[in-house]
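In case you want the letters, here they are:
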Amino acid sequence: LLAGDRARAEQLAERALHQAHRETSADPLDPLDRYWQAATAAEAALVLGRTDEARDLLATARQANPGDHAALASTRKQLALVCAARGVDPELIEVLRPPSVVHFAGHMIGDRFHASSEPRIASEIARKLAEHDAGYGFGSLASGADLLFAEQLLARGAELHVVLPFDAEHFLRTSVVGWEDRFRACLARASSITHGTLDASTEDTDALFAYGGQLAMGLALLRAGFLATTAVQLAVWDGKPARGLAGTGADVATWRKRGLPTDVIHITD
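Right, let's walk through the structure included here. (Residues numbered from 1 in each chain as written. Predicted model: local features only at pLDDT ≥ 70, side-chain atom pairs only at ≥ 80, totals over all residues. Heavy atoms only, no water.)

Once that is clear, we can look at the nonpolar core. In terms of nonpolar packing, the biggest core is built from 38 residues, with Leu141, Leu160 and Phe183 touching the most fellow members. Considering each element in turn, this core owes the most residues, seven residues, to helix H6 (residues 145–155). Residue contacts for phenylalanine 183: discarding those within four places in its chain leaves Leu141, Leu147, Leu164, Ala168, Phe171, Leu172 and Val176. In this structure, Leu46, Leu58, Ala71 and Val88 belong to the second largest nonpolar core, which totals 28 residues. (Core = buried A, V, L, I, M, F, W, Y, C linked by side-chain atoms within 4.5 Å. Buried < 20%, exposed > 50% of the residue type's maximum accessible area, 1.4 Å probe, protein only. Helix = DSSP H or I, 4+ residues; strand = E, 2+ residues; numbered from the N terminus. Contact = heavy atoms within 4.5 Å.)

This brings us to the layout of surface pockets. Estimated volume of the largest pocket: approximately 700 Å³. As for the largest pocket, its lining consists of 35 residues, of which Gly106, Met108, Ala246, Gly247 and Thr248 are closest to the centre. Every element with two or more residues in the lining of the largest pocket is listed here: strand S1 (100–106), helix H7 (168–175), helix H9 (205–227) and helix H10 (248–257). Among the elements that take part in the lining of the largest pocket, H9 stands out by supplying six residues, more than any other. (1 Å grid on protein atoms, 1.4 Å probe; cavity = no way out; pocket = protein on both sides within 12 Å on 5 of 7 lines; lining within 4 Å. Points joined across faces, edges and corners; volume = space filled by probe spheres on them.)

The subject of this paragraph is the packing of H7 against helix H8 (residues 180–189). Each pair of packed helices can be described by the angle between their axes along with the distance between the axes. Where H7 contacts H8, the two axes come as close as 11 Å, and the packing angle between them is 145°. Crossing of H7 over H8 shows right-handed handedness. From H7, Ala168, Glu169, Phe171 and Leu172 reach across to H8, where they touch Glu180, Phe183, Arg184 and Leu187. For the contact of H7 with H8, the per-class residue count stands at five nonpolar, no polar and three charged. (Axes fitted to C-alpha atoms, helices over the stretch in contact; angles between N-to-C directions. Left-handed = near helix turned anticlockwise from the far one by under 90°. Nonpolar A, V, L, I, M, F, W, Y, C, P; charged D, E, K, R; others polar.)

What follows covers the packing of aromatic side chains. Tallying each qualifying case throughout the model produces six aromatic pairs. Pairing phenylalanine 166 with phenylalanine 171 gives two aromatic rings, centres 6.4 Å apart and planes at 55°, and the pair type is tilted. Given the relative accessible area of 0%, phenylalanine 166 is considered buried. The class for phenylalanine 171 is buried, based on a relative accessible area of 1%. (Phe/Tyr/Trp six-rings, centres within 6.5 Å; stacked < 30°, edge-to-face > 60°.)

Mapping threonine 262 onto the fold places it in strand S6 (residues 262–266). Judged by relative accessible area, which is 17%, threonine 262 ranks as buried. Here the side chain of threonine 262 touches glutamine 233 through a polar contact of 2.8 Å, side chain to side chain. The residues touching threonine 262, leaving out its near neighbours within four places in the chain, are Gln233, Ala235, Val252, Trp255 and Arg256. (Polar contact = N/O pair within 3.5 Å; in protein donor to acceptor, adjacent residues only side chain to side chain.)

Glancing now at the pattern of salt bridges. Taken as a whole, this structure holds 14 salt bridges when the rule is applied. Close ionic contact of glutamate 94 with arginine 97 constitutes a salt bridge, the shortest N to O distance being 2.8 Å. A relative accessible area of 26% means that glutamate 94 is categorised as partly exposed. Residue arginine 182 is joined to glutamate 118 by a salt bridge in which the shortest nitrogen-to-oxygen separation is 3.1 Å. Of this pair, arginine 182 sits in helix H8 while glutamate 118 sits in helix H5 (residues 118–131), placing them 64 residues apart in sequence. Given a relative accessible area of 25%, arginine 182 falls into the partly exposed group. (Salt bridge = Lys/Arg side-chain N within 4 Å of Asp/Glu carboxyl O.)

This paragraph deals with the sheet that holds strand S3 (residues 159–164). Taken together, the six strands give an open sheet; going across it, the order is S4-S3-S2-S1-S5-S6, and neighbouring strands pair in parallel fashion. The open sheet terminates on both sides in strands that have one partner only, identified here as strand S4 (192–195) and S6. Strand after strand, the sheet turns through a mean of 20° between neighbouring axes, direction not considered. Note that S1 and strand S2 (residues 134–139) share four bridges and pair parallel. Following the sheet pairing, histidine 103 is matched in S2 by phenylalanine 138. H5 rests against S1, S2, strand S5 (231–237) and S6 of the sheet, and its axis sits at about 160° to S6. Across the sheet, H10 touches S1, S5 and S6, and the angle it forms with S5 is around 155°. (Pairing = 2+ DSSP bridges.)

Here is the structure:
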């Protein structure tokens, strides 16, 4: 099809579609096999220009997918080429979009985020994660907004990817006050832990925190690109600039500089 030989493409698609439908009535398949079967049939239907049939098959494929988001991304990227070749609205394949990737950031408990606001902020974080269909989260684990994000990501079954500016014990001493058990619990359940450096001997820790934030953002964007899905930043932020190189305001500014969306959870007592 992409080479311009539509007649041959349609001939092969008819054969593939016939084979897929024939196998559907055969022995029961495991979920991932059912996914690939439906996705293959949907692709063949798209090549043939049968968009209504393709839409139904894509819905079947998405329902059959057992949570293999890489498979969804692979299929979606390929079908985007078919849609372009056939002049089909790519909205048709949005049903295959994997869950979104979130970079999270926010203030520590203190003068900018009062402890009394914790229940409301936690509830708002849970609502925002659901609204964005978050399946992956990248960020730090400071006491306050970071740990609330981490806990809510884990509660919804999403992957938590922790990015610390330096080793965990040093981070505990500098950024976790009164939330040590919650920090260790989230760290133990994280899907990955990345350190900006394991040598925090420099006195310029602000630069290390800034780099840690940039690293988390970069990893979030890489994952979103791999999965062909949406990347969004969620920030618990009072709207004021960062007080130094690092901080929530700095992370928001860096993210927005790339023209990417930030959804702010405002702190109001």
